[in-house]
Amino acid sequence: MTDTPARPRPTSPHLTIYRMTWTMVMSIVHRITGSALYFGTLLLVWWLVAAASGAKYFDTANAFFGSWFGQFILLGYTWALIHHMLGGIRHFIWDTGRGYGPERQALARMTLVGSVSITILLWALALVLRS
Amino acid sequence: MRTPLSRIRGLGAAHHGTEHFWLQRLTAAANVFLLVVLIGIVVTLVGRSHATVLATLSKPLVSVLLVAAVISVAIHMRLGMQIIIEDYVHSEFRKVVLLMLNTFFAWGIGLCSIYAVLMISFGT
């Protein structure tokens, strides 16, 4: 019995075999937006350090944030932040023991609809205030 | 007497009981408030001159809220990334190294931001 050949450990089913559901996708996206925000904090640090370092450095940072690539990154960053925040509020609802019934689907959809809407509103507001 | 709290104290992958969960929720709640404030400040500063930005950021209330936001965010993101590392990195050595880098990164982000805010608010 001691020479039983070693068998690979049983593995749990992988993501690929599940049918995609709203709740599952939102759960994954919560983690992805969290990671994006993690590295995106570098942008906030850059902005603050540039502002503290003087007008020349600040203009360099602003030139990047104002370029199409910078705007694209900031748009994504805004959405990730709002989406992660709404996802976090969903977690708070779950923490109270609510939101585990059929309303899960609606909650998950509301997170996405809410994050996209709020992102558009914020950018519109920034454009209006800028002019 | 074994209370529910004493039973979970010191348990979990990192032997920290529910401390991680609690701090994650505490900073999440703080972030909702502080980041709404921060977003509000940033939205009003889009396209403004360096002088205007400095004038706004150096207001005492703005500076304090910014520093609070940075601290809360740094703690929250360190905890979040820690979970991701513990979930996906199975080699003990690599896990420990990444957990260290994670802590250094969060502290670096926090310290640089706070230093910059203080420089601005004390007028460099």
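Above this text sits the structure in question.
This report concerns the structure included in the present document. (Residues numbered from 1 in each chain as written. Chains lettered and ligands numbered in written order. Predicted model: local features only at pLDDT ≥ 70, side-chain atom pairs only at ≥ 80, totals over all residues. Heavy atoms only, no water.)

Some details on the interface of chain A and chain B
Just so we agree on the cut-off: The contact criterion used is simple: two residues touch if any of their non-hydrogen atoms lie within 4.5 Å. When two parts are brought into contact, each loses some accessible area as probed by a 1.4 Å sphere; the total of that loss over both is the buried area. Within this document, salt bridges are pairs made up of a side-chain nitrogen of Lys or Arg and a carboxyl oxygen of Asp or Glu, the two lying within 4 Å of each other. N or O atoms closer than or at 3.5 Å make up a polar contact, with two conditions inside protein: a donor-capable atom paired with an acceptor-capable one, and, for residues adjacent in sequence, both atoms drawn from side chains. Comment: elements are numbered from the N terminus, with helices defined as DSSP H or I runs of at least four residues and strands as E runs of at least two.
In this assembly, 30 residues from chain A lie in contact with 41 residues from chain B. The largest share of the area that chain A buries against chain B comes from Arg31, Tyr38 and Leu48 of chain A, three residues that together contribute 24% of it. Linking chain A with chain B are two salt bridges, by the criterion used here. With a closest N to O distance of 2.5 Å, Asp95 of chain A and Arg25 of chain B form a salt bridge. Taken together, chain A and chain B are joined by seven residue pairs in polar contact (both at pLDDT 80 or more). Secondary structure elements with two or more residues in the side of chain A that touches chain B: helix H1 (22-53), helix H2 (55-66), helix H3 (68-95) and helix H4 (103-130) of chain A.

Regarding the packing of H3 of chain A against H4 of chain A
All names here are of chain A. Condition: Fitted lines through C-alpha atoms give the axes, limited to the stretch in contact for helices. The angle between two N-to-C directions lies from 0 to 180 degrees. With respect to orientation, any angle under 35 degrees is reported as roughly parallel, any angle over 145 as roughly antiparallel, any angle of 65 to 115 as roughly perpendicular, and every other angle as oblique. In this scheme, a crossing is called left-handed if the near helix is turned counterclockwise away from the far one by less than a right angle; it is called right-handed if the turn is clockwise. Residues are grouped as follows: Ala, Val, Leu, Ile, Met, Phe, Trp, Tyr, Cys and Pro are nonpolar; Asp, Glu, Lys and Arg are charged; every other residue, Gly included, is polar.
The N-to-C vectors of H3 and H4 enclose an angle of 140°; their axes lie 9 Å apart at closest approach. One element, H3, and the other, H4, form an angle in the oblique class. Seen from above, H3 lies across H4 with right-handed handedness. Here H3 contributes Gln71, Leu74, Leu75, Thr78, Trp79, Ile82, His83, Leu86, Gly87, Arg90, Ile93 and Trp94 to the contact with H4, which in turn contributes Leu107, Ala108, Thr111, Leu112, Gly114, Ser115, Val116, Ile118, Thr119, Leu122 and Trp123. Considered class by class, the residues forming the contact of H3 with H4 number 14 nonpolar, eight polar and one charged.

Quick notes on the nonpolar core
Condition: Put simply, buried Ala, Val, Leu, Ile, Met, Phe, Trp, Tyr and Cys residues joined by side-chain atoms within 4.5 Å make one nonpolar core. Relative accessibility under 20% of the residue-type maximum defines a buried residue, over 50% an exposed one, and the middle range a partly exposed one, all with a 1.4 Å probe and only protein chains included.
Ranked by size, the top nonpolar core spans 40 residues in total, and within it Trp47 and Leu48 of chain A together with Leu57 and Leu66 of chain B carry the most contacts. Among the secondary structure elements, those contributing two or more residues to this core are H1, H2, H3 and H4 of chain A together with helix H2 (19-45), helix H3 (50-57), helix H4 (60-88) and helix H5 (92-121) of chain B. If you tally residues by element for this core, the top one is H1 of chain A, at nine residues. For Leu48 of chain A, the residues in contact, after removing those within four places along its chain, are Leu57, Leu66, Ser113, Ala116, Val117 and Ile120 of chain B.

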